[in-house]
Every structure is written in structure tokens, then in C-alpha cells.
Amino acid sequence: MRRLSRRKALSLVKELDAFPKVADSYVETSASGGTVSIIAFSAMAVLAILEFFVYRDTWMKYEYEVDKDFSSKLRINVDVTVAMKCQHVGADILDLAETMITSNGLQYEPVIFELSPQQRLWQRTLRLLQSRLREEHALQEVLYKTLLKGAPTALPPREDAPNEPLNACRIHGHAYVNKVAGNLHITVGKPIHHPQGHAHIAAFVSHEAYNFSHRIDHLSFGQEVPGIINPLDGTEKITYNNNQMYQYFITVVPTKLNTHLISADTHQFSVTERERVINHAAGSHGVSGIFVKYDTSSLMVTVSEQHMALGRFLVRLCGIVGGIFSTTGMLHNLVGFCFDIVCCRFRVGAYRPRQELQLNHLNHHQAPLLVGNAPL
């Protein structure tokens, strides 16, 4: 009884077979079918390899939400070189609440304003990258994926000992400020703080010593991430007027960066530049110097690196193989059907009349006649 039940179950399973086998004696092969099969297998192999490269690749996903962290401090990273001596220039930060941030984290280093050949090459390369980033925004995703792999974005040190006088001042370091709008300004004189506000002691600096030609080697907000190129990195401004004012209006966007290489809380920013000459007689009022006015956005961006799941890759691979197999089979049958219709219409090939076929058959099997000289 058990054997009978097993046989019945096995026969039932065989009846449910959706892939019946055809005996080799009933299979007909053709040259056209073999050609189509070669083309189909080649297309499957090429598309499968391309799909594997797509599976290995990653892409960046951007998500937006309201920034609820308003109590934390914002870090500003500065590396600016001004064409004035360090005793004549000062930098400080004043936020919207009239809170003066002490510049204890900023250091003043006497340097030479002119760059060495190696440093000039670095700056030209950085400018080229900046121009490409403005034209092709998708390159930013490439930078996110290759963090910590590329060359450092800081200005390399001079390769030779300076023989020229130190005619410039490098202001570099970082400072923590409140997450409100503020103003980082670099102007003549050292800053001092008093109950009525703040001021710069500029009375002892000659007006002929004013020169706010500057170079921004690095300016960023938040945690420093190696490999990120910020919009103002590599900026250089040269002026021959002592009363020049430079203004940079910046909108800072908090950004959480999560990639396979690093996870960091940093900030992106957009900038608008403006410069003018201070001329009180012409109505252009103000103070000579470099002013970076920043404001924080209420939105936070989360940038995460995404990867295709293995199951999705297998499904797409099966779709490629099955789709090409079915499509080429249908095209082969359609072409064969059209070819049969044309042959039937013009009576060529297998569709020629039977009498003509028989005559050709006899002609092919007829013995050849021997032609020679008949005997006399």
C-alpha cells in the first residue's frame, strides 16, 4: 500500500510538471536558430557583466529634516592669509546676539604672501576642481565616496627656506560659536572687548599699510573631513587699493555624512561674494577688511551611501536572462514566419510546385550522356 501511494504521489507530481522534457528525436535544429542563440548568449553575458558593475557601485541618498539641535556649538575652521603684518591685523567673531567670541583658538603666523612653485601648482589644481564642481554637481558624490583616499586639501608647506621678509599674516585655527547668524571679520587692529561692544585698535596703523589682499586656503564649518573641498578653498583676491572691503555671505546647512569610509557631523554651505572700495565722499561707507557673514539653515541634510541588495541583483539578473531568451525566441519565430509567408507567396524553396521539384530531382539523378565519335 505504501508503494502504491508513493507511485500515485509521484505520478501526480509528474503531471504537475511545468517544464516537460522533449525527446532529442523530436528536436529540430537549424543554422538560423544557432546564430540567434549565439547572439542571445553574448548579449546575456555582456549585460550580466554590466549589471555586476552596477551592483558593486553605490549612490548617495539625500534626506531632509528639521534641525532640532539648536543648543550645540558651531565650529568654524579658518585658514586665511592676509597681505599685512600680524601686528597690524586682527580677527574676531560677533554673533547676532552681540556676543563677541574670543579668538583664542585662532593663531597668527608671519608668512610670505607669495606662494612657492609647488604651492602655486596645488592652488591651480584646487581651482580647477572648484570650477568642475560648479559645472558638474555630481562630482560631489564622487568626493563623498572617496573620502580619506585622495590628496589632502590643506596647503602644503614650502619646500624651501624663505629668504624674503615675512610680509603677510596667516590666521588659522578654529573657534566655537552659537548656532545663530554671525560675522567673522578680519580688519585693521587687534580686537578688544568692552561693555559697550567691541572695537579694533587701528589708530597706530598707518593707512598706507592697509592691504587686504588675501588667500583663503581653507574655510569650513563643523567637523573637518579630509577630502572635502569647500566652496571658498583656494580663493585668492588681490587689490591695489587701501580701502578695499571684501564680503562673503554664507548660508550654512547642517549635514550628517554616513558612508562606508566615515560617519561625521559636518556642514555644507553656499556663498555669495561682494567687494567694493570704501569711499565716504561717494556714499560708499563701511570699514576696510574681510567680512564673512554666516547664517545657519533650519533644515538638516542626511547624506548616506546606498548599495544594491543581493536579492535585487539576483532578480535583475534573472530578468535579463529570461527577457533576452524570450525576446530572441519570439523574434526568431516571427522572422521565420515572415520568411515562410514570402516563400509561399513567390513559390520558392520548399513551396515550389511539385512538378518542378520532381523535374529538378530527375535532372539531378539523370546519368550523364557520353559524347564521342560514332564508329563508321
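Residues numbered from 1 in each chain as written. Predicted model: local features only at pLDDT ≥ 70, side-chain atom pairs only at ≥ 80, totals over all residues. Heavy atoms only, no water.

Participant: Looking at this structure, I do not really get empty space enclosed by the protein. What am I missing?
Facilitator: One simple way to see leftover space: roll a probe sized like a water molecule over the atoms. Per the stated rule, a full pass over the model turns up two cavities of 30 Å³ or more. One number sums up the size of the largest cavity: a volume of about 60 Å³. For the largest cavity, the full set of lining residues is His218, Ser220, Phe221, Gln223, Glu224, Val225, Ile228, Asn230, Thr266 and His267. Of all the secondary structure elements, the ones that give two or more residues to the lining of the largest cavity are strand 10 (214–221) and strand 13 (263–277). Considering each element in turn, the lining of the largest cavity owes the most residues, three residues, to strand 10. Here the second largest cavity defines a volume of roughly 30 Å³. If you go around the second largest cavity, the residues you meet are Val78, Val80, Leu184, Ile186, Ile216, Ile290 and Val292. Of all the elements in the fold, those that place two or more residues in the lining of the second largest cavity are strand 2 (73–82), strand 7 (182–188) and strand 14 (289–296). A per-class count over the lining of the second largest cavity returns seven nonpolar, no polar and no charged. (1 Å grid on protein atoms, 1.4 Å probe; cavity = no way out; pocket = protein on both sides within 12 Å on 5 of 7 lines; lining within 4 Å. Points joined across faces, edges and corners; volume = space filled by probe spheres on them. Helix = DSSP H or I, 4+ residues; strand = E, 2+ residues; numbered from the N terminus. Nonpolar A, V, L, I, M, F, W, Y, C, P; charged D, E, K, R; others polar.)

Participant: Looking at this structure, I do not really get the packing of aromatic side chains. What am I missing?
Facilitator: The description of an aromatic ring pair uses the distance of the two centres, along with the angle that the planes make with each other. Under the defined criterion, the tally for this structure stands at six aromatic pairs. Judged by centre distance (5.5 Å) and plane angle (75°), the ring pair of Phe221 and Phe269 falls under edge-to-face. You can see Phe221 sitting in strand 10 and its partner Phe269 sitting in strand 13, a full 48 residues away along the chain. Both residues of the pair, Phe221 and Phe269, belong to the buried class. (Phe/Tyr/Trp six-rings, centres within 6.5 Å; stacked < 30°, edge-to-face > 60°. Buried < 20%, exposed > 50% of the residue type's maximum accessible area, 1.4 Å probe, protein only.)

Participant: Which parts of the structure should I look at to understand the pairing of strand 14?
Facilitator: Residues in a regular strand point their side chains to alternate faces of the sheet. Here strand 7 runs beside strand 14; their pairing, made up of six bridges, is antiparallel. Counted as the bridge partner of Asn183 is Lys293 from strand 14. (Pairing = 2+ DSSP bridges.)

Participant: How do you make sense of the pairing of strand 2 when you look at a structure like this?
Facilitator: Most of strand 2 is tucked away: eight of the ten residues are buried. Two strands pair when backbone bridges link them, and strand 2 and strand 6 (residues 168–178) are joined in this way by ten bridges, in the antiparallel orientation. Each bridged residue has a counterpart across the sheet, and for Val82 the counterpart in strand 6 is Cys169. Here seven bridges tie strand 2 to strand 10, and the two strands are oriented antiparallel to one another. Paired with Ile76 across the bridge in strand 10 is Phe221.

Participant: Help me out: how do you make sense of the nonpolar core in this one?
Facilitator: Soluble globular proteins tend to pack their nonpolar side chains together in the buried interior. Counting 33 residues, the largest nonpolar core has Ile76, Ile186, Leu219, Phe221, Ile250 and Tyr294 as its most contacted members. Among the elements that make up this core, the one with the highest residue count is strand 2 (five residues). (Core = buried A, V, L, I, M, F, W, Y, C linked by side-chain atoms within 4.5 Å.)

Participant: Where do I start with the side chain of Gln244 in this structure?
Facilitator: For Gln244, the location among the structural elements is in strand 12 (residues 244–258). Classification of Gln244 by relative accessible area gives buried; the value is 6%. The residues touching Gln244, leaving out its near neighbours within four places in the chain, are Phe212, Thr239, Glu275, Arg276, Val277, Ser288 and Gly289. (Contact = heavy atoms within 4.5 Å.)

Participant: Would you explain the UniProt feature "transmembrane region" (unreviewed entry) in the protein chain in this entry?
Facilitator: Using the residue numbers shown here, the UniProt feature "transmembrane region" (unreviewed entry) corresponds to residues 35–55. This span, residues 35–55, is 100% helix and 0% strand, and a straight line between its end C-alpha atoms measures 30 Å. (UniProt positions renumbered as here; feature names shortened; annotations may be inferred.)

Participant: I would appreciate a short explanation of the sheet that holds strand 5 (residues 106–111) in the present structure.
Facilitator: Across the sheet, five strands lie side by side as 5-6-2-10-11; this open sheet has antiparallel pairing. The open sheet terminates on both sides in strands that have one partner only, identified here as strand 5 and strand 11 (235–237). Taking each pair of neighbouring strands and ignoring which way they run, the sheet shows an average axis angle of 15°. Sheet analysis places strand 10 next to strand 11, joined by three bridges and oriented antiparallel. Its bridge partner being in strand 11, His214 is matched across the sheet by Lys237. (Axes fitted to C-alpha atoms, helices over the stretch in contact; angles between N-to-C directions.)

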